[in-house]
Amino acid sequence: MEKIVLQTQGLTKHYAGVQALSDANFTLHAGEHVAIMGDNGAGKSTFVRQITGVEAPTAGKIIFDGREVNFAGPLDAREAGIEAVFQNLALADDLDVPSNLFLGREKILVNLGPFSILDRRAMRRATEEALVKTAVKIPNLSNTIRNMSGGQRQCVAIARTATFASKLIIMDEPTAALGVQETAQVENIIRTLKAAGEPLILISHNMRQVFDLVDRIVVFRRGRIVANLRRDETDGQDVVAYITGAKTGAEFEEAV
Ligand SMILES: Nc1ncnc2c1ncn2[C@@H]1O[C@H](COP(=O)(O)OP(=O)(O)OP(=O)(O)O)[C@@H](O)[C@H]1O
Ligand SMILES: [Mg+2]
């Protein structure tokens, strides 16, 4: 069996009265691409927020890269090697594309603490290379994110994820707001990551996309993992049955 990259044990998140995530046992192996599917409000983004340090879980354990982690925040998770594209994008509206790509890890020319001088040319060059590598087309890098379309923003966020060496990439509905061409671009990035052996968690409502791209499908329903299906051993109808609850996961123990 491949090495385990990420494992959650009993991961649980309650928001004042709402059980958004209950007792999630999830495992991701080296090089594996797994889709998380489920209806609106099923707890998919909540799951992602716990494993990326955006929120602290109510209960449960997260084991990443061989050790138990308690991330203090999203930057902490990024430093550990988890790159995420969030559903509600974490881009800085008032910054241009290179500054967003390097957010939290700016290239420094002269290090004077808070008065450091940033190496803008190096960041711009690296941004151009990153966008070429990921085939993402942004008309003007100096535009602030505020002036970009939803699709362009999403492409910047995905380019950022695919640019930096990481141990795990998580994309929460990366193509939900994208046109046909941009969606194809993002799917190509995901295929490139697969070929490079980079493990990935993809949250998507798009059945065609999921069956095209991933090895395994984990279904969330009402905050619980209710199915863990190998892509080759299931079909769209089966997955929908778990999503809607027509089929239950009572017999199902752990997503491994
Ligand atoms: N900050 C919050 N405070 C209170 N409740 C929340 C909060 N965030 C999410 N919830 C609730 O937790 C549940 C799970 O939400 P979550 O965003 O994880 O769903 P999701 O599966 O990502 O759905 P979608 O497909 O619509 O993105 C929902 O009932 C939602 O209303
Ligand atoms: Mg969501």
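Chains are numbered independently. Their residues run from 1 in the order of the written sequence. Chain A is the first chain written and ligand 1 is the first ligand written, with later ones labelled in order. Totals for whole chains, interfaces and linings use every residue, but because this is a predicted model, local features are given only for residues with pLDDT of at least 70 and side-chain atom pairs only at 80 or more, for both listing and counting.

### Notes on the sheet that holds strand β12 (residues 224-230)
Whether parallel or antiparallel, the strands of a sheet pair through hydrogen bonds between backbone atoms. Reading across the sheet, the 6 strands line up as β6-β9-β10-β3-β11-β12 and stay open at both edges, with mixed pairing between neighbours. The outermost strands of the open sheet, each flanked by one partner alone, are β6 (82-85) and β12. On average, adjacent strands in this sheet sit at an angle of 15° to one another, irrespective of strand direction. Whether two strands pair depends on DSSP finding at least two bridges between them. Helix and strand definitions follow DSSP, with helices as H or I runs of at least four residues and strands as E runs of at least two, each counted in order from the N terminus. Bridging between strand β3 (residues 33-37) and strand β10 (residues 200-203) involves 4 bridges; their strand directions are parallel. Bridge assignment links Ile36 to a residue of β10, and that residue is Ile203. C-beta atoms are placed from the backbone for every residue, and two residues are taken to be in contact when these atoms lie within 7 Å. Between the N-to-C directions of two axes lies an angle of 0 to 180 degrees, each axis being a line fitted to C-alpha atoms and, for a helix, fitted only over the stretch in contact. In this fold helix α1 (residues 44-51) packs onto β3, β6, β9 (168-172), β10 and β11 (216-221), with an angle of close to 150° to the strand it touches most, β9. On the sheet, helix α8 (residues 236-244) packs against β3, β11 and β12 and is oriented at approximately 25° with respect to β11.

### Observations concerning the pairing of strand β2 (residues 18-29)
As defined by bridge partners, strand β1 (residues 4-15) adjoins β2 across 8 bridges and the pair is classed as antiparallel. Note on β2: the bridge partner recorded for His14 is Gln19.

### Notes on the sheet that holds strand β5 (residues 67-68)
Spatially, 4 strands are ordered β2-β1-β4-β5 in an open sheet, and the strand pairing comes out antiparallel. Every other strand in the sheet has two partners, leaving β2 and β5 as the edge strands with one partner each. As judged from the 2 bridges shared by strand β4 (residues 59-64) and β5, these two strands associate in the antiparallel manner. Opposite Ile63, over in β5, you have Glu68 as the bridge partner.

### Describing the site of ligand 1
For each residue, a C-beta position is placed from the backbone atoms; the residue is near a molecule or strand when that point lies within 6 Å of it. Every one of the 12 residues lining ligand 1 counts as a neighbour, but Tyr15, Ala20, Asn40, Ser45 and Thr46 are closest to it. Contributing elements (two or more residues each) for the shell around ligand 1: β2 and α1. The element best represented in the shell around ligand 1 is α1, accounting for 3 residues. Looking at the shell around ligand 1 residue by residue, the classes come out as 4 nonpolar, 7 polar and 1 charged. Each residue is assigned to one class: nonpolar for Ala, Val, Leu, Ile, Met, Phe, Trp, Tyr, Cys and Pro, charged for Asp, Glu, Lys and Arg, and polar for all the others, Gly among them.

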